[in-house]
Amino acid sequence: ETGVTQSPTHLIKTRGQQVTLRCSSQSGHNTVSWYQQALGQGPQFIFQYYREEENGRGNFPPRFSGLQFPNYSSELNVNALELDDSALYLCASSSGGREVGGYTFGSGTRLTVV
Amino acid sequence: KNEVEQSPQNLTAQEGEFITINCSYSVGISALHWLQQHPGGGIVSLFMLSSGKKKHGRLIATINIQEKHSSLHITASHPRDSAVYICAVRSRRGQLTFGSGTQLTVLP
């Protein structure tokens, strides 16, 4: 299977709740990175996983956590949701860990926190 | 000051015009990416550059490592080129830092 699939595509949650977003990895890729994109802004790096280990993290609090599975798919978990967490969450897969090649992006999950 | 600056923020062109979008960065990088984002959010990777120039169809990307500057050019622009174009730089640790994007609208 080619391409990166994210689920769900849209989600509405209440402040204080927890959410799990999912991302498949393109065949042949072993690295997944997650990004938060607020309306009208460029994406911000959350973290990256290479072969099931976190190997880079942006300026996000610990309530943003993740996992990568043996098939290189990944989850992003956000606890204690805040209104400012409303954004488009993008994931991208690539190959190689630190020395990555090109990226394949998913279409994103639009999260609304009310 | 952001680590990645793009200009212009918004650009409106007539069909057929030559378009240039600029990107400047202030950090050491291992590569620079040009990305295209359509309404709804999906991102397509257009180019990955570490030096020189690349061409794909009507799109051309250049990078000057010494000046920390890259440009994306679109020749013979078409309304289907309308999208947000984003410059992103990859650090030596493998982390992507994005510009805020350029909204391009090409009018028929």
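These remarks concern the structure in this document. What you see is a predicted model, and the numbers here were worked out from it, not measured in a lab. (Residues numbered from 1 in each chain as written. Chains lettered and ligands numbered in written order. Predicted model: local features only at pLDDT ≥ 70, side-chain atom pairs only at ≥ 80, totals over all residues. Heavy atoms only, no water.)

Section: the overall build of chain B
In terms of helices and strands, chain B carries zero helices and 11 strands. Starting at the N terminus and walking to the C terminus, you meet the elements of chain B as β-β-β-β-β-β-β-β-β-β-β. In terms of C-alpha radius of gyration, chain B reaches 13 Å, essentially the compact-globule figure of 13 Å for 108 residues. In terms of overall dimensions, chain B has a C-alpha envelope of 40 × 30 × 25 Å along the principal axes. Out of the 108 residues belonging to chain B, those deemed buried represent 43%. Sequence separation of at least 24 residues holds for 54% of the intrachain contacts in chain B that already meet a minimum separation of 6. For chain B, the computed accessible surface area is about 5,100 Å², with 50% contributed by carbon and sulfur atoms. In chain B, 10 side chains carry a positive charge and 6 a negative one; their mean positions are 11 Å apart. (Helix = DSSP H or I, 4+ residues; strand = E, 2+ residues; numbered from the N terminus. Rg over C-alpha atoms; globule rule 2.2 N^0.38 Å. Buried < 20%, exposed > 50% of the residue type's maximum accessible area, 1.4 Å probe, protein only. Contact = heavy atoms within 4.5 Å. Areas by Shrake-Rupley, 256 points an atom, 1.4 Å probe, with all protein chains shown as cover. Lys, Arg positive; Asp, Glu negative; His and termini not counted. Charge placed at Lys NZ, Arg CZ, Asp CG, Glu CD.)

Side note on the packing of aromatic side chains
Aromatic ring pairs: the centre-centre distance and the angle between the two ring planes describe each pair. Residues and elements named next belong to chain A. In this structure the tally under the stated criterion is six aromatic pairs over all chains. Aromatic pair Phe-47 and Tyr-49: ring centres 5.4 Å apart, planes at 85 degrees, arrangement edge-to-face. Both residues of the pair, Phe-47 and Tyr-49, belong to the buried class. (Phe/Tyr/Trp six-rings, centres within 6.5 Å; stacked < 30°, edge-to-face > 60°.)

A word on the pairing of strand E1 (residues 4-7) of chain B
Residue and element names in this part refer to chain B. Side chains Val-4 and Gln-6 of E1 all project onto a buried face; the interleaved residues Glu-5 and Ser-7 project onto a face where none is buried. Looking at chain direction, E1 and strand E3 (residues 19-25) are connected through four bridges and run antiparallel. What sits directly across from Val-4, in E3, is Tyr-25. (Pairing = 2+ DSSP bridges.)

Points about the interface of chain B and chain A
Listed by partner, the interface residues are 18 residues for chain B and 20 residues for chain A. The contact between chain B and chain A buries some 1,600 Å² in all, and 53% of this surface belongs to carbon and sulfur atoms. The three residues of chain B that bury the most area against chain A are Ile-43, Arg-93 and Phe-98 of chain B, which together make up 30% of that side's buried surface. For the pair chain B and chain A, the number of links is zero salt bridges. Where chain B packs against chain A, one counts one residue pair in polar contact (both at pLDDT 80 or more). The set of elements that each furnish at least two residues to the side of chain B that touches chain A consists of strand E4 (31-37), strand E5 (43-49), strand E9 (83-90) and strand E10 (96-98) of chain B. For the side of chain B that touches chain A, a count of residues per class yields six nonpolar, 10 polar and two charged. (Buried area = accessible area lost by both parts, 1.4 Å probe. Salt bridge = Lys/Arg side-chain N within 4 Å of Asp/Glu carboxyl O. Polar contact = N/O pair within 3.5 Å; in protein donor to acceptor, adjacent residues only side chain to side chain. Nonpolar A, V, L, I, M, F, W, Y, C, P; charged D, E, K, R; others polar.)

Things to note about the sheet that holds strand E1 (residues 6-7) of chain A
Residues and elements named next belong to chain A. Spatially, four strands are ordered E1-E3-E8-E7 in an open sheet, and the strand pairing comes out antiparallel. Unpaired on one side and paired on the other, E1 and strand E7 (64-68) mark the two borders of the sheet. Bridge count for strand E3 (residues 19-23) against strand E8 (residues 74-78) is five bridges, and the pairing is antiparallel. Along E8, the bridge assignment pairs Leu-21 with Leu-76.

A word on the state of the cysteines
One covalent bond between the sulfur atoms of two cysteine residues makes up a disulfide. The full count for this structure, using the stated rule, is two disulfides over all chains. A sulfur-sulfur separation of 1.9 Å characterises the disulfide bridge that pairs Cys-23 of chain A with Cys-91 of chain A. Between Cys-23 of chain A and Cys-91 of chain A the disulfide shows an S-S torsion of about 80 degrees. By sign, it is right-handed. Here Cys-91 of chain A lies in strand E9 (residues 87-94) and Cys-23 of chain A lies in strand E3, a separation of 68 residues in the sequence. The burial state of Cys-23 of chain A is the same as that of Cys-91 of chain A; both residues are buried. Paired by a disulfide, Cys-23 of chain B and Cys-87 of chain B hold their sulfur atoms 1.9 Å apart. (Disulfide = S-S within 2.5 Å.)

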